[in-house]
Amino acid sequence: MTGKMSIIVVEADRDRAMQIVDGLQQAGEFDIQVISERTRLAREIMAREPDIVLIDIANPSRDTLEELAIASGPMERPVAMFVDRSEAGLSDAAIEAGVSAYVVDGLQPARVKPVLDAAIARFRMFQRMRAELAETKRALEERKLIDRAKGMIMKARGVEEEEAYAILRKAAMDQGKRVADVASALVTAAGLLS
């Protein structure tokens, strides 16, 4: 996030929205925009592409929480949610919906900056974890393809596993491709032929 951090404040009550904006301005220099209408929240947020979304809601229900959280794009940016009170299970629902910070007992100006910092840090941590998980899944799928291709080569040529892998690796080098790509092509071709 370079330059001024852009923040969208989602608050229907104008007076509360101004208190939040004042608290943010005391905490630092931000590009702040207020959205008071929640019906087109997802569209508004997509159009404005903020760095972070701050949602203030007095008395949330589970459905409202999830709707607001999902509309604010929690997989694309940090979302901090301030609520005046919370029933059992609502904080879990908010976190499961992707909210980076869920603060009960309303928004207090002195807590805004630390909560935003925590939301950003938590969002980045989950972003890294998602990327690592995706990479691990991709590597596992590639490993499965390579193993299937090796098995096919072993069966077709009557060779051991090491030699089958050497054949795959040589084919990949000759074609200037990755072993996983050659294995995928072999498995696909064999599927078409059977």
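Computed from a predicted structure; not experimentally measured.

### Here we look at the confidence of the model for the protein
Low-pLDDT stretches of the model should not have their predicted coordinates read in fine detail. Residues of the protein with pLDDT of at least 70 account for 90%, and the chain-wide mean is 84. Predicted confidence in the protein is weakest over helix α3 (residues 62-71), with a mean pLDDT of 68, and strongest over helix α6 (residues 161-175), with 95.

### Focus: a nonpolar patch on the surface
Together, M125, F126 and M129 make up an exposed nonpolar region whose accessible area comes to about 250 Å². Mapped onto the secondary structure, M125 falls in helix α5 (residues 109-157).

### Comments concerning the nonpolar core
Counting 19 residues, the largest nonpolar core has I7, V9, L24, I52, L54, A80 and L116 as its most contacted members. Breaking this core down by element, the ones donating at least two residues are β1 (5-10), α1 (14-27), β2 (30-35), β3 (52-57), β4 (79-83), β5 (101-104) and α5. It is α5 that provides the largest number of residues to this core, a total of five residues. Beyond its immediate stretch of four places on either side in the chain, L116 contacts I7, L24, I52, L54 and A80.

### A look at the environment of A42
Relative to the assigned elements, A42 resides in helix α2 (residues 41-48). A C-alpha to C-alpha distance of 21 Å links A42 and R16, two positions 26 residues apart in sequence.

### Regarding the side chain of D56
Tracing the backbone shows D56 in strand β3. Engagement of the side chain of D56 in a polar contact is seen with the side chain of R16, the distance being 2.7 Å.

### Observations concerning the pattern of salt bridges
For the coordinates displayed, the defined rule picks out 15 salt bridges. The partner of E11 in a salt bridge is R16, with the nearest N and O atoms 3.4 Å apart. Between R77 and E76 there is a salt bridge, with the nearest N and O atoms lying 3.4 Å from each other. Using a relative accessible area of 6% as the deciding quantity, one classes R77 as buried. If you follow the salt bridges from partner to partner, you end up with E135, R138, E142, R178 and D181 in one network.

### Quick look at the sheet that holds β1
Within the open sheet, the five strands sit side by side as β2-β1-β3-β4-β5. Their pairing is parallel. Looking along the sheet, the strands with just one partner apiece sit at the ends: β2 and β5. Going across the sheet, the axis of each strand differs from the next one's by a mean of 15°, ignoring polarity. Where β1 and β3 come together, four bridges link them in parallel fashion. Within the sheet, the bridge partner assigned to I8 lies in β3 and is V53. Running at roughly 155° to β2, α2 makes contact with β1, β2 and β3 of the sheet.

### Remarks on the pairing of β2
Pairing between β1 and β2: six bridges, direction parallel. Bridge assignment links V9 to a residue of β2, and that residue is V34. With α1 bridging β1 and its parallel neighbour β2, the resulting β-α-β unit is right-handed.

### A closer look at helix α7 (residues 179-193)
The periodicity of an α-helix, 3.6 residues per turn, causes residues three or four places apart in sequence to face the same way. With 15 residues, α7 should cover 21 Å at 1.5 Å per step; its first-to-last C-alpha distance of 21 Å lies within 8% of that length. Along α7, the residues that are buried comprise V179, A180, V182, A183 and V187. Angularly, the buried residues of α7 cover 160° about the axis, an arc narrow enough to put them on a single face. What points out from α7, more than 90 degrees from its buried face, is the exposed set L192 and L193.

### Comments concerning α2
Every buried residue belonging to α2 is among L41, E44 and I45, and all of these are buried. Seen along its axis, α2 keeps its buried residues to an arc of 95°; they face one direction. Among the exposed residues of α2, those oriented more than 90 degrees off its buried face are R43, M46 and A47.

Reading the values: the criteria
Residues numbered from 1 in each chain as written. Predicted model: local features only at pLDDT ≥ 70, side-chain atom pairs only at ≥ 80, totals over all residues. Heavy atoms only, no water. pLDDT = per-residue confidence, 0-100. Helix = DSSP H or I, 4+ residues; strand = E, 2+ residues; numbered from the N terminus. Patch = residues over 30% accessible without salt bridge, like charges linked within 9 Å, V, L, I, M, F, W, Y side chains within 5 Å. Areas by Shrake-Rupley, 256 points an atom, 1.4 Å probe, with all protein chains shown as cover. Salt bridge = Lys/Arg side-chain N within 4 Å of Asp/Glu carboxyl O. Core = buried A, V, L, I, M, F, W, Y, C linked by side-chain atoms within 4.5 Å. Buried < 20%, exposed > 50% of the residue type's maximum accessible area, 1.4 Å probe, protein only. Contact = heavy atoms within 4.5 Å. Polar contact = N/O pair within 3.5 Å; in protein donor to acceptor, adjacent residues only side chain to side chain. Pairing = 2+ DSSP bridges. Axes fitted to C-alpha atoms, helices over the stretch in contact; angles between N-to-C directions. Right-handed = clockwise from strand over helix to strand, strands pointing away. Expected span 1.5 Å × (residues − 1). Arc of directions from axis to C-beta.

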